[in-house]
Amino acid sequence: MLTSTRAEDPTAGGQHASYQCRAAAYPLHEFRSIALGSHRVASPRLAVRWLRERTTHITDQLDTAYARPGIHWLSDEPEQERALAYLAAGTAYQLTLYDDTTRYVLVAYPQGAAS
């Protein structure tokens with residue numbers, strides 16, 4: 001499942017654009033998430049690269065049936081270009097993967113935008 005949200009202009013006020021990347025696991029019937037990593041990068045392209053790396057790490061640990069959507073995303077160049085375009089335009093990009101017990105959310109967004 002892919003979603004996006006509109007963010008503020010990351011270069012407003014003369015600041016250099018930076019992008020926050022986060023991955024978290026949300027176990028069913030739990031109130032807290034489990035952080036799987038976060039990273040700040042300087043460009044939309046580096047944010048997409050980080051999303052690819054974390055998606056690879058997560059899909060490597062999932063059973064084949066649950067890994068398929070992530071594996072498909074990894075080979076879907078037009079979708080990754082769409083992610084790049086969203087980020088460059090100041091819009092967050094999110095990828096969500098599932099298994100029987102957990103939802104895995106990977107998101108990249110311009111710094112200063114709500115996550």
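The following refers to the structure shown. (Residues numbered from 1 in each chain as written. Predicted model: local features only at pLDDT ≥ 70, side-chain atom pairs only at ≥ 80, totals over all residues. Heavy atoms only, no water.)

### Some words on the nonpolar core
Alright, step 1. The biggest cluster of nonpolar side chains holds 22 residues, and the ones touching the most others in it are Ala47, Leu51, Leu87 and Leu106.
Alright, step 2. For this core, the elements supplying multiple residues, two or more each, are β2 (19-27), α1 (44-61), α2 (64-75), α3 (77-88), β4 (91-98) and β5 (102-110).
Alright, step 3. Per element, the largest residue contribution to this core is five residues, and it comes from α1.
Alright, step 4. Look past the residues within four positions of Leu106 in its chain and what remains in contact with it is Arg22, Ala23, Leu51, Arg54, Thr55, Ile58, Tyr93, Gln94, Leu95 and Leu97. (Core = buried A, V, L, I, M, F, W, Y, C linked by side-chain atoms within 4.5 Å. Buried < 20%, exposed > 50% of the residue type's maximum accessible area, 1.4 Å probe, protein only. Helix = DSSP H or I, 4+ residues; strand = E, 2+ residues; numbered from the N terminus. Contact = heavy atoms within 4.5 Å.)

### Section: the packing of aromatic side chains
The geometry of an aromatic ring pair is captured by two quantities: the separation of the ring centres and the angle between the planes.
Alright, step 1. Evaluation of the coordinates by the stated rule reveals two aromatic pairs.
Alright, step 2. A centroid spacing of 6.4 Å and a plane angle of 35 degrees characterise the contact between Trp73 and Tyr93, whose relative ring orientation is tilted. With Trp73 in helix α2 and Tyr93 in strand β4, this residue pair connects regions lying 20 residues apart in the sequence. For the pair shown, Trp73 and Tyr93 are each scored as buried.
Alright, step 3. Judged by centre distance (6.1 Å) and plane angle (45 degrees), the ring pair of Tyr86 and Tyr93 falls under tilted.
Alright, step 4. Taken together, the ring pairs in this structure connect Trp73, Tyr86 and Tyr93 into an aromatic cluster.
Alright, step 5. One cation-aromatic arrangement involves Arg103 over Tyr26; the distance from NZ or CZ to the ring centre is 4.5 Å. (Phe/Tyr/Trp six-rings, centres within 6.5 Å; stacked < 30°, edge-to-face > 60°. Lys NZ or Arg CZ within 6 Å of the ring centre and 35° of its normal.)

### So, the packing of α1 against α2
When two helices pack together, their arrangement is given by the angle between their axes and by how far apart the axes lie.
Alright, step 1. At a closest axis distance of 9 Å, the pairing of α1 and α2 adopts a crossing angle of 150 degrees. Between α1 and α2, the crossing angle belongs to the class labelled roughly antiparallel. The handedness of the crossing between α1 and α2 comes out as left-handed. Together, Leu51, Arg52, Thr55, Thr56 and Thr59 of α1 and Ala67, Gly70, Ile71, Trp73 and Leu74 of α2 make up the contact between the two elements.
Alright, step 2. Residues belonging to the contact of α1 with α2 are distributed by class as follows: five nonpolar, four polar and one charged. (Axes fitted to C-alpha atoms, helices over the stretch in contact; angles between N-to-C directions. Parallel < 35°, antiparallel > 145°, perpendicular 65-115°, else oblique. Left-handed = near helix turned anticlockwise from the far one by under 90°. Nonpolar A, V, L, I, M, F, W, Y, C, P; charged D, E, K, R; others polar.)

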